[in-house]
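# Examining the three-dimensional arrangement
Letter by letter, the chains look like this.
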Amino acid sequence: MSEAVSPSSATTRRAVTRINAAFADAGVAGQLHALDIDSGASVSVAATQLTPTSSLHKVCLLVTLYREAAAGRLDRTRQIDIPAGERTPGLAGLAVMRDAVRMSLRDLATLVVAVSDNAAADILWRAVGFDAVNRTMAELGLTDTVAVHDMAAIRDALRAQPNLTDPAAFADISVLNPALTNRSTARQMAELFAAVWRDEVCSGETAEELRALLGLQAWTHRMASGFPFDDVRVSGKTATLPTLRHEAGVIEYPDGGRYAVAVFTRAASTASVLPAADAVIGTAARIAVDALRSP
Amino acid sequence: MDLLAHLRYFRVVAEEQHFGRAATRLRLAQPSLSQRIQRLEREFGVRLFDRGRGGAVLTPAGQLVLAQSEAVLDAADRLRSVVERLQDGEVGTLRAAVPAHLGGAAVAALLTAFQERSPGSELDLRELTTAEQTAELAAGTLDAGIVRHPCLAAGLSFGPMLHQPLGVLLRGDDPLATQPEVDLRALTGRGLAMPPRANSPALHDETLTACARHGFTPTAIRTVEGLEFTRALILSGADLVALIPEPPPEPGTTWRPPTGRPLSWRTSTVWRAGHDGPAVRVFAEAADLALRVHAGMYAAPAERPRATRPETEFAL
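Residues numbered from 1 in each chain as written. Chains lettered and ligands numbered in written order. Predicted model: local features only at pLDDT ≥ 70, side-chain atom pairs only at ≥ 80, totals over all residues.

Let's shift gears to the overall build of chain B. Counting secondary structure elements, chain B contains 9 helices and 14 strands. Computed over its C-alpha atoms, the radius of gyration of chain B comes to 32 Å, more than 25% above the 20 Å expected for a compact globule of 316 residues. For the C-alpha atoms alone, the extent of chain B along its principal axes is close to 105 × 50 × 30 Å. A total of 316 residues make up chain B; the buried ones form 34% of that total. The contacts in chain B between residues at least 6 apart in sequence include a share of 74% that link residues at least 24 apart. (Helix = DSSP H or I, 4+ residues; strand = E, 2+ residues; numbered from the N terminus. Rg over C-alpha atoms; globule rule 2.2 N^0.38 Å. Buried ≥ 20, exposed ≤ 12 C-beta atoms within 10 Å, placed from the backbone. Contact = placed C-beta atoms within 7 Å.)

This next bit is on the overall build of chain A. Across its full length, chain A carries 10 helices and 9 strands. Its C-alpha atoms give chain A a radius of gyration of 18 Å, within 12% of the compact-globule value 19 Å for 295 residues. A separation threshold of at least 6 residues defines the contact pool for chain A, and within that pool the share at least 24 residues apart is 69%.

Here we come to the interface of chain A and chain B. Listed per partner, the contact involves 35 residues of chain A and 30 residues of chain B. Those elements that place two or more of their residues in the side of chain A that touches chain B are helix H1 (9-25), helix H6 (151-160), helix H7 (167-170) and strand S7 (233-241) of chain A. Along the lines of polarity and charge, the residues of the side of chain A that touches chain B split into 18 nonpolar, 13 polar and 4 charged. (Nonpolar A, V, L, I, M, F, W, Y, C, P; charged D, E, K, R; others polar.)

What follows deals with the packing of helix H1 (residues 3-16) of chain B against helix H3 (residues 30-44) of chain B. All names here are of chain B. As a packed pair, H1 and H3 sit with axes 10 Å apart at the nearest point and diverge in direction by 110°. Judged on the interaxial angle alone, H3 and H1 are roughly perpendicular. Helix-helix and strand crossings are classified by hand; for H1 and H3 the assignment is left-handed. In this structure, H1 uses His 6, Tyr 9, Phe 10 and Val 13 to contact H3, whose residues at the interface are Leu 33, Arg 36, Ile 37, Arg 39 and Leu 40. (Axes fitted to C-alpha atoms, helices over the stretch in contact; angles between N-to-C directions. Parallel < 35°, antiparallel > 145°, perpendicular 65-115°, else oblique. Left-handed = near helix turned anticlockwise from the far one by under 90°.)

Okay, unusual backbone geometry next. Looking along the chain, the bond that leaves His149(B) and enters Pro150(B) is cis, with omega of 5°. Tracing the backbone through its elements, the reader meets Pro150(B) in the loop between strand S5 (144-149) and strand S6 (156-158). Backbone geometry places Ala46(A), a non-glycine residue, at a positive phi of 45°. Here the phi dihedral of Arg261(B) falls at roughly 45°; this positive angle occurs in a residue that is not glycine. Topologically, Arg261(B) is positioned in the loop between strand S12 (253-256) and strand S13 (264-272).

Take the nonpolar core next. Counting 134 residues, the largest nonpolar core has Ala34(A), Leu124(A), Ala190(A), Val261(A), Ala284(A), Ala288(A) and Phe283(B) as the members making the most contacts within it. Per element, the largest residue contribution to this core is 10 residues, and it comes from helix H10 (residues 275-293) of chain A. Those residues in contact with Phe283(B) that lie beyond four places of it in its chain are Leu94(B), Ala96(B), Phe114(B) and Ala144(B). Formed by 20 residues, the second largest nonpolar core is a distinct cluster that contains Leu166(B), Ala193(B), Ile234(B) and Ile244(B). (Core = buried A, V, L, I, M, F, W, Y, C linked by C-beta atoms within 7 Å.)

This paragraph deals with the sheet that holds strand S1 (residues 28-36) of chain A. All names here are of chain A. Pairing is antiparallel in the open sheet, where 5 strands are placed in the order S2-S1-S9-S8-S7. If you trace the sheet from one side to the other, it starts and ends with strand S2 (42-45) and S7, each paired once. When the angles between neighbouring strand axes are averaged without regard to direction, this sheet yields 10°. Alignment of S1 against S2, held across 4 bridges, turns out to be antiparallel. Note that in S2 the partner of Leu 35 across the bridge is Ser 42. Docked against the sheet, H1 engages S1, S2 and strand S9 (258-267), running at close to 40° with respect to S2. (Pairing = 2+ DSSP bridges.)

All names here are of chain B. On the secondary structure map, Val 107 appears in helix H5 (residues 104-117). Along the primary structure Val 107 and Ala 315 are separated by 208 residues, whereas in three dimensions their C-alpha atoms are 41 Å apart. Contact partners of Val 107, with chain neighbours within four places excluded, come to Val 98 and Leu 102.

Once that is clear, we can look at helix H5 (residues 130-139) of chain A. Residue and element names in this part refer to chain A. Restricting attention to buried positions, one finds in H5 the residues Val 133, Thr 136 and Met 137. On an axial view of H5, the arc spanned by its buried residues comes to 100°, and they lie on one face. The exposed residues of H5 that point more than 90 degrees off its buried face are Asp 131 and Ala 138. Looking at the buried residues of H5, the elements they touch are helix H2 (57-70) and helix H4 (118-128). (Arc of directions from axis to C-beta.)

Turning next to the pairing of S2(A). Side chains of S2(A) alternate between two faces, with Ser42(A) and Ser44(A) and Val43(A) and Val45(A) buried alike. What sits between S1(A) and S2(A) in their antiparallel hairpin is a turn of 5 residues, with Gly40(A) showing a positive phi close to 85°.

When pLDDT is averaged along chain B, the result is 88; 95% of the residues meet or exceed 70. Per the prediction output, this complex has pTM 0.80; the corresponding ipTM is 0.82. (pLDDT = per-residue confidence, 0-100.)

Turning our eyes to something else, we now look at the sheet that holds strand S11 (residues 240-244) of chain B. Residues and elements named next belong to chain B. Strands sit in the order S10-S9-S11-S8-S12 across an open sheet of 5 strands; the sheet is mixed. Either end of the sheet is taken by a strand with one partner, and the two such strands are strand S10 (221-223) and S12. The sheet shows a mean angle of 30° between the axes of neighbouring strands, direction not considered.

Note that an α-helix has 3.6 residues per turn; residues three or four places apart therefore point the same way. Residue and element names in this part refer to chain A. For H1, built from 17 residues, the straight-helix expectation of 24 Å at 1.5 Å per residue is met to within 8% by its first-to-last C-alpha distance of 24 Å. Inspection of H1 places Ala 15, Ile 19, Ala 22 and Phe 23 among the buried residues, and these make up the whole buried set. Along the long axis of H1, the arc covered by the buried residues comes to 100°, so they all point the same way. Set apart from the buried face of H1 by more than 90 degrees, the exposed residues are Ser 9, Ala 10, Arg 13 and Thr 17. (Expected span 1.5 Å × (residues − 1).)

Residues and elements named next belong to chain B. In contact at an axis separation of 8 Å, H5 and helix H9 (residues 278-294) are set at 145° when each is read in the N-to-C sense. Judged by the twist between their axes, the crossing of H5 over H9 is right-handed. In contact with Ala 105, Ala 106, Ala 109, Leu 110, Ala 113, Phe 114 and Arg 117 of H5, H9 contributes Val 282, Phe 283, Ala 286, Ala 287, Leu 289, Ala 290, Leu 291, Val 293 and His 294. Its residues assigned to classes, the contact of H5 with H9 comprises 14 nonpolar, 1 polar and 1 charged.

A separate point is the environment of Gly260(B). Mapped onto the elements, Gly260(B) comes out in the loop between S12 and S13. Between the C-alpha atom of Gly260(B) and that of Val182(B), which follows or precedes it by 78 residues, the distance is 9.4 Å.

All names here are of chain B. With respect to the helices and strands, Leu 7 occurs in helix H1. Taking the C-alpha atoms as reference, Leu 7 lies 6.4 Å from Ser 69; in sequence the two are 62 residues apart. Among all residues touching Leu 7, those that are not within four sequence positions of it are Ser 69, Val 72 and Leu 73.

Turning next to the pairing of strand S8 (residues 244-252) of chain A. Where a strand is regular, its side chains alternate between the two sheet faces. Residues and elements named next belong to chain A. Judged by how many residues are buried, S8 sits mostly within the fold: 9 of 9 residues are covered. Burial along S8 is two-sided: Leu 244, His 246, Ala 248, Val 250 and Glu 252 and Arg 245, Glu 247, Gly 249 and Ile 251, pointing in opposite directions, are all buried. Note that S7 and S8 share 9 bridges and pair antiparallel. Directly across from Thr 238, in S8, lies its bridge partner Glu 247. Connecting the antiparallel pair S7 and S8 is a turn made up of 2 residues, with Thr 243 showing a positive phi of about 70°. Across 9 bridges, the pairing between S8 and S9 is antiparallel. Residue pairing in the sheet places Arg 245 in a bridge with Thr 265 of S9. Where S8 folds back on S9, the antiparallel hairpin that results is connected by 5 residues, among which Gly 256 adopts a positive phi of roughly 100°.

Have a look at this one:
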C-alpha cells in the first residue's frame, strides 16, 4: 500500500463531528469507516466496534466464491438444481419464487447482490462452506469478521422472538448480539471492499466480474442516496435486522477517486420502515468521502 | 500491620488467658501468635500481658486496650455487614432518574413505594431526559431510570413497556371540543405544538408519522416546551393544537382523545444490562406499579409490522 496521504486532522475532526450529529439527528447510533482505496487515508467513527453483519456477510460469501473459483477449487458456472420447496424464506428473489429452477453458482450470486436473496445465499453457503469463508477472511487479515449463521438460522432466531416492536424483548435476540452471530467491524467491511477493488482477492477477468457483480444491488435508499450524481458509481450491499441498518460498498468518481465505505447503524425506533435511518447512511458516507476528497 | 486482625488475636488471648489455648483456637502455631502479640505491643508501646508459667494475664494497660478494641471490632463488624447489604442492594443510595411530565402523583407514589420496600436505602432521584439517562447509564453515573421510547437500546435492559394515550389539546371554544373524541383528519390545516425535535428525534418522527398515517399532516410545527407554555400558545391562536397525555383540567383548554387512540407515549424502566441488583429491581417494580396506578399507563400487546417491504430482507 502506498503511504497514507490523510486529509488534514482538522478536516477529519470536522467530518467526524458532522457524522455524529447526523447519526443523532436520525435517531441512530452509528459506526463508519471510509477508506481512500489508493492513498489509504481514512475517516473513522467507532469503526472497530464488533457489530452483527447479517446480510453484509453475503459479501464475504461471494468474495470467497470468486477467490475459490480463481484458485481453481470451485467452478462458478456449475449448475445447481433448485426444487420448489425447502428454500430459505425471504422477501425477494428465489426466496419468493414458486417453481423449480436450474441456475449457476454465479447467477445465484447475482440474485444475492441484486435483491439480497436469502434462498440463493443459503444455497451458496452450502456450496462454499463456513470454513472456507472464515478462512478467506482470515487470509485477508480480517480476523474480526466471522460467520456462524446462514440466512435460515438468522430467520429462525428472529421468528423465535415474537415481539419485535418491544425494545425490552431485543436483549434476548441472539442475532443482535455480535458475540453470538455473524460479526465484523465497519473498518473490516470497508477493508474487504477495498481488497476487492485492489485485486487482492483475485485478479484479471474474475476480479472484473466480481466488481461488476457487487454493482448490481437494486436498493438506492441508503449509501447511494448520499451520492445523487449521474457520473458517480456506487456499488454496495445492505444488511437489515430489527433496528439495524447497514451498508458497505465502494464509491467511484470519474476523476479516478475510489473510496470503500462501511456505515453501520442501530436505530432507537423499532419501526421497520424508517427512511431517516436509511438516508443517514448516505449522508454519513458523503460527509466522509467529501473529507477524503478535500484538498 | 493489619490492626483489626491483630486486635482479634489479642482478644482471644485475653479470653483464654493462655497463649497455647489461644493458638489452638486460632489454628495458629504458638510462636507465631506470640510474635503477633509482641508486634501489637510494639505498635502501642505498652506491655499487654504478664507472661508467667500459669498463662497470660492482662496488664492494666492491656485491660484498657481490650475495652477499646471491643468497640473497634464491633464497629468493623457493623461496617462489614453494611457493605454486604450494600452489595446486595438492601441499603445504600440508588441513583435514579425520571423524565419530565410524569406527574407529581406518580413520582410521589414511586418514592413512597421504594422506601416501603427498601427501608434504610436512599433514592437519589433526578429529572433527566431519555437521552441524558441513556448517556449516564452508559457512563455508570446512573443506576436506573424511567425512559420514553424509542430510545437507543444498546447495553440496556428494560422493564415492561407501558403505554400512555395521547389526546388533542384544544382551545375550550374550539368547535371540535364539543365532541367526545377528535378524528385526527379533522385537524387538517392546523399547526402542531411539539417539543424541540433534538430532545428526541426518534419520538418526534414517530409522532409525526403516526399523525400522517391517520390523516393529519400539520401545516407547521411550533416548537414549545412545558405544559404552561403549550396551553398559552393554544389559548392565543386558534390554528394550533398539541398532542399530550391527559393533563389536569384547567379552564380555557380542553383535552379530547383521538378516534381509535392511535397515538401513545411508550414508557419503561431501564437499567444497565446485567446490573439489576435488588435495589434496581425494587425501583423497577415500584416504578412500574406507580406508572400503572398513578399515571394511567397500561401494557399493550406489541404489534408486528404487517407490511414488510423487500428491502427489510426478512419476512417478520
